[in-house]
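Examination of the molecular architecture
Spelled out from the first residue to the last, the chains are:
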Amino acid sequence: GNSVTQMEGPVTLSEEAFLTINCTYTATGYPSLFWYVQYPGEGLQLLLKATKADDKGSNKGFEATYRKETTSFHLEKGSVQVSDSAVYFCALDYGGSQGNLIFGKGTKLSVKP
Amino acid sequence: GAVVSQHPSRVICKSGTSVKIECRSLDFQATTMFWYRQFPKQSLMLMATSNEGSKATYEQGVEKDKFLINHASLTLSTLTVTSAHPEDSSFYICSAGRTGQQETQYFGPGTRLLVL
């Protein structure tokens with residue numbers, strides 16, 4: 001079946017450190033892949049997405065590349081800030097339309113000044 | 001734009017009572033709204049898809065008579081947990097799809113339900 005696995009948290013980094021949050025998926029067909037972010041007290045927000053193999057999604061300094069050969073969509077940022085502290089969710093859309101999202105468990109990131 | 005609110009943000013109730021959670025799209029119309037449930041350190045699990053003016057579509061294993069969903073307008077969907085039990089304690093999150101846009105869901109902040 002379809003599933004998303006992402007690295008367990010929490011992840012604690014110092015400001016300006018390099019961030020990687022691993023995400024791998026299992027899916028039939030060609031899903032779209034997403035990273036959502038949830039800041040404290042707020043709803044999930046779409047951070048970036050990629051709809052086909054080798055696409056790179058990017059936003060706010062974060063990047064993730066859709067790797068079909070390794071079924072991965074790792075999230076990276078070169079220099080994190082305290083304001084990046086949040087929970088990050090990897091997700092896939094297996095149905096090509098709204099609502100068919102499967103989420104990973106979420107990874108909590110804490111960035112210390 | 002594209003703000004979704006949930007009310008209440010937190011609720012504690014006694015076992016056997018019913019609890020209603022509201023999900024509103026504040027600045028856009030949402031033909032479709034989704035209800036998720038999240039257990040501690042677990043993924044968000046889709047419970048049901050709610051379409052304005054029609055019956056909700058429930059995911060396998062979700063009891064439709066226990067989790068009543070009403071989507072009476074383009075800006076409001078409600079989830080009622082009937083005869084709540086301690087095992088229903090969870091974090092309930094709604095999202096709304098803007099009419100005419102695909103692959104974009106806007107999420108509410110969630111409602112923490114604790115059943116004693």
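The coordinates are above.
Below is a short write-up of the structure.

About the thresholds
Residues numbered from 1 in each chain as written. Chains lettered and ligands numbered in written order. Predicted model: local features only at pLDDT ≥ 70, side-chain atom pairs only at ≥ 80, totals over all residues. Heavy atoms only, no water. Pairing = 2+ DSSP bridges. Helix = DSSP H or I, 4+ residues; strand = E, 2+ residues; numbered from the N terminus. Axes fitted to C-alpha atoms, helices over the stretch in contact; angles between N-to-C directions. Salt bridge = Lys/Arg side-chain N within 4 Å of Asp/Glu carboxyl O. Buried < 20%, exposed > 50% of the residue type's maximum accessible area, 1.4 Å probe, protein only. Phe/Tyr/Trp six-rings, centres within 6.5 Å; stacked < 30°, edge-to-face > 60°. Core = buried A, V, L, I, M, F, W, Y, C linked by side-chain atoms within 4.5 Å. Contact = heavy atoms within 4.5 Å. 1 Å grid on protein atoms, 1.4 Å probe; cavity = no way out; pocket = protein on both sides within 12 Å on 5 of 7 lines; lining within 4 Å. Points joined across faces, edges and corners; volume = space filled by probe spheres on them.

**A few points about the sheet that holds strand E3 (residues 19-25) of chain B**
All names here are of chain B. Taken together, four strands build an open sheet; the order of strands is E1-E3-E8-E7 and the sheet is antiparallel. Looking at strand neighbours, the two that pair on one side only are strand E1 (4-7) and strand E7 (67-73), the edges of this open sheet. Across the sheet, the axes of successive neighbouring strands diverge by a mean angle of 15°, strand direction being ignored. Two strands pair when backbone bridges link them, and E1 and E3 are joined in this way by four bridges, in the antiparallel orientation. Each residue of the ladder has a partner; that of His7, found in E3, is Glu22.

**Observations regarding the sheet that holds strand E8 (residues 62-65) of chain A**
Residue and element names in this part refer to chain A. If you walk across this open sheet you meet the four strands as E3-E9-E8-E7, and the pairing is antiparallel. The open sheet has two free edges, formed respectively by strand E3 (19-21) and strand E7 (56-59), since each of these has just one partner strand. Going across the sheet, the axis of each strand differs from the next one's by a mean of 15°, ignoring polarity. Sheet topology note: the E7/E8 ladder contains four bridges and is antiparallel. Bridge pairing links Gly57 to Ala64 in E8.

**Quick word on the pattern of salt bridges**
Enumeration over the complete set of coordinates arrives at five salt bridges over all chains. In this structure, A:Glu63 engages A:Lys56 in a salt bridge whose closest nitrogen and oxygen atoms are separated by 3.6 Å. Put simply, B:Arg24 and B:Glu22 hold a salt bridge, and the shortest N to O gap is 3.4 Å. Classification of B:Arg24 by relative accessible area gives partly exposed; the value is 34%.

**Quick notes on the packing of aromatic side chains**
Residue and element names in this part refer to chain A. Scanning the model with the defined rule gives 11 aromatic pairs over all chains in all. Both rings, one in Phe89 and one in Phe103, keep their centres 6.3 Å apart while their planes meet at 90°; by these two values the pair is edge-to-face. Taken together, the residues span a long stretch of sequence, with Phe89 in strand E10 (residues 86-93) and Phe103 in strand E11 (residues 101-103) at a distance of 14 residues. Accessibility expressed as a relative area gives 1% for Phe89, which makes it buried.

**Details of the pairing of strand E4 (residues 23-26) of chain A**
Residue and element names in this part refer to chain A. Only one face of E4 is covered, namely the face carrying Cys23 and Tyr25; the face carrying Thr24 and Thr26 is uncovered. Examined bridge by bridge, strand E1 (residues 3-6) and E4 share four bridges and lie antiparallel to one another. When the bridges of E4 are listed, Gln6 appears paired with Cys23.

**What to know about the nonpolar core**
Residues and elements named next belong to chain A. Counting residues in each nonpolar core, the largest one holds 27 residues, and the members touching the most others are Trp35, Leu47, Leu48, Phe73, Leu75 and Tyr88. Of all the secondary-structure elements, those providing two or more residues to this core are strand E2 (11-14), E3, E4, strand E5 (32-38), strand E6 (44-50), E8, E10 and strand E12 (107-112). With four residues, the single largest contributor to this core is E10. Those residues in contact with Leu47 that sit more than four places away from it in its chain are Trp35, Tyr36, Val37, Asn59, Lys60, Phe62, Leu75 and Tyr88.

**Brief notes about the layout of surface pockets**
The space that makes up the largest pocket amounts to roughly 780 Å³. Together, 30 residues line the largest pocket, and A:Val87, A:Phe89, A:Lys108, B:Gln38 and B:Lys41 are the ones closest to its centre. If you list the elements that add at least two residues to the lining of the largest pocket, you get E10 and E12 of chain A. Volume-wise, the second largest pocket comes out at about 380 Å³. Taken together, 22 residues form the lining of the second largest pocket, with B:Met45, B:Leu46, B:Met47, B:Glu59 and B:Val62 sitting closest to its centre. Looking at the lining of the second largest pocket, the elements with two or more residues in it are E11 of chain A together with strand E5 (44-51) of chain B.

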